[in-house]
Amino acid sequence: MLVSAAEMLKKAKAGHYAVGQFNINNLEWTKAVLQTAQELNSPVILGVSEGAGKYMTGYTTIVGMVNGMIKEMNITVPVALHLDHGSYEHCYKCIEAGFSSIMFDGSHYSIEENVAKTTELVAAAHAKGISIEAEVGSIGGEEDGVIGMGECADPNECKQIADLGVDFLAAGIGNIHGKYPANWKGLSFETLDAVQQLTGDMPLVLHGGTGIPTDMIKKAITLGVAKINVNTECQLSFAAATRKYVEAGKDLEGKGFDPRKLLAPGFDAIKATVKEKMEIFGSVNQA
Ligand SMILES: [Zn+2]
């Protein structure tokens, strides 16, 4: 059964580890993430962007697939199904479709409008036992065509949004979606520390987990980060493994063209990436 992410992240923050949010794109992706979480006895959050939701034909398809897999694969670790960077309209669509968690990305609105819309969505989500993430300060890079510059959030605005009753909060601390440029200045631990001091027990979320050095990830966890989003890294490892298979001509040998064979190396590569992240985040055996 899907669970809200509120409790698993409260536990993570108190236990000084982080739960990974792994974005899914199809059946193989979802199966790889769930299987790895179960094998490592780790809680897990499945992230779905609006673009991926559209690609998979819609949110009810995803809810059906994930619930089916939890049952058929005997998944017993806590699993949350979470809308990533949701617009106001899509938050309602996911609440309706049976997601157990949503993120409202109101970072591009004025703080007043972000507050008004977040307040409304907190009530709508909590009425159904669904957890809600909010964002302050836009996160850099490109995600589904939206490009941000990686600003640092204003800690006072973070406190203002946290007080609206959101379950966890994404604060921009210089992080970027996708690959990091060579001249990246690194995470602003000063900002993170200031945000945590004002928001107390609120689990903080680090977006753009791909390519942040491990020591920075670990330091961020000590400063209150309890959820880390991983997306691009699984895509890169899936693509590299699939490329290797095709370039080796394996799809031309025997029944190597069978999609179950063709997609197997990429599947295994996603599993390896997820395992590596769960070990770094410290969520292994925390289910
Ligand atoms: Zn993000």
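About the criteria used
- Residues numbered from 1 in each chain as written.
- Predicted model: local features only at pLDDT ≥ 70, side-chain atom pairs only at ≥ 80, totals over all residues.
- Helix = DSSP H or I, 4+ residues; strand = E, 2+ residues; numbered from the N terminus.
- Rg over C-alpha atoms; globule rule 2.2 N^0.38 Å.
- Buried ≥ 20, exposed ≤ 12 C-beta atoms within 10 Å, placed from the backbone.
- Contact = placed C-beta atoms within 7 Å.
- Right-handed = clockwise from strand over helix to strand, strands pointing away.
- Pairing = 2+ DSSP bridges.
- Core = buried A, V, L, I, M, F, W, Y, C linked by C-beta atoms within 7 Å.
- Expected span 1.5 Å × (residues − 1).

Quick look at the overall build of the protein chain
Along the backbone of the protein chain there are 12 helices and 11 strands. The C-alpha atoms of the protein chain give a radius of gyration of 18 Å, which matches the 19 Å a tight globule of 287 residues would have. The principal-axis extents of the C-alpha atoms in the protein chain amount to approximately 60 × 45 × 35 Å. The burial tally for the protein chain puts 47% of its 287 residues in the buried class. By sequence separation, contacts in the protein chain at least 24 residues apart represent 71% of the contacts at least 6 residues apart.

Concerning unusual backbone geometry
Backbone geometry at Asn-74 places phi at a positive 50 degrees, although glycine is not the residue there. Classification of Asn-74 as exposed rests on a count of 8 C-beta atoms within 10 Å. The residue Asn-285 is not glycine, and still its phi comes out positive at about 65 degrees. For Asn-285, the position within the fold is in the segment after α12 (264-281).

So, the pairing of strand β5 (residues 131-136)
Extensive coverage of β5 is indicated by the burial of 6 of its 6 residues. Side-chain alternation along β5 places Ser-131, Glu-133 and Glu-135 on one buried face and Ile-132, Ala-134 and Val-136 on a second face that is also buried. Following the chain from strand β4 (residues 101-104) across helix α6 (residues 111-126) to the adjacent parallel β5, one finds a crossover that is right-handed. Sheet analysis places β5 next to strand β8 (residues 168-171), joined by 4 bridges and oriented parallel.

Considering the nonpolar core
Residues Val-33, Leu-46, Ile-102 and Leu-169 are the most contacted members of the largest nonpolar core, which totals 72 residues. Once you skip the residues sitting within four places of it in the chain, Ile-102 turns out to touch His-82, Leu-83, Gly-86, Cys-91, Cys-94, Ile-95, Ala-125, Ile-130 and Ile-132.

Brief notes about helix α10 (residues 232-247)
Between the first and last C-alpha of α10 there are 22 Å, a value that for 16 residues agrees with the 22 Å anticipated at 1.5 Å per step. If you follow the buried residues of α10, they end up packed against β1 (19-23), β11 (225-230) and α12.

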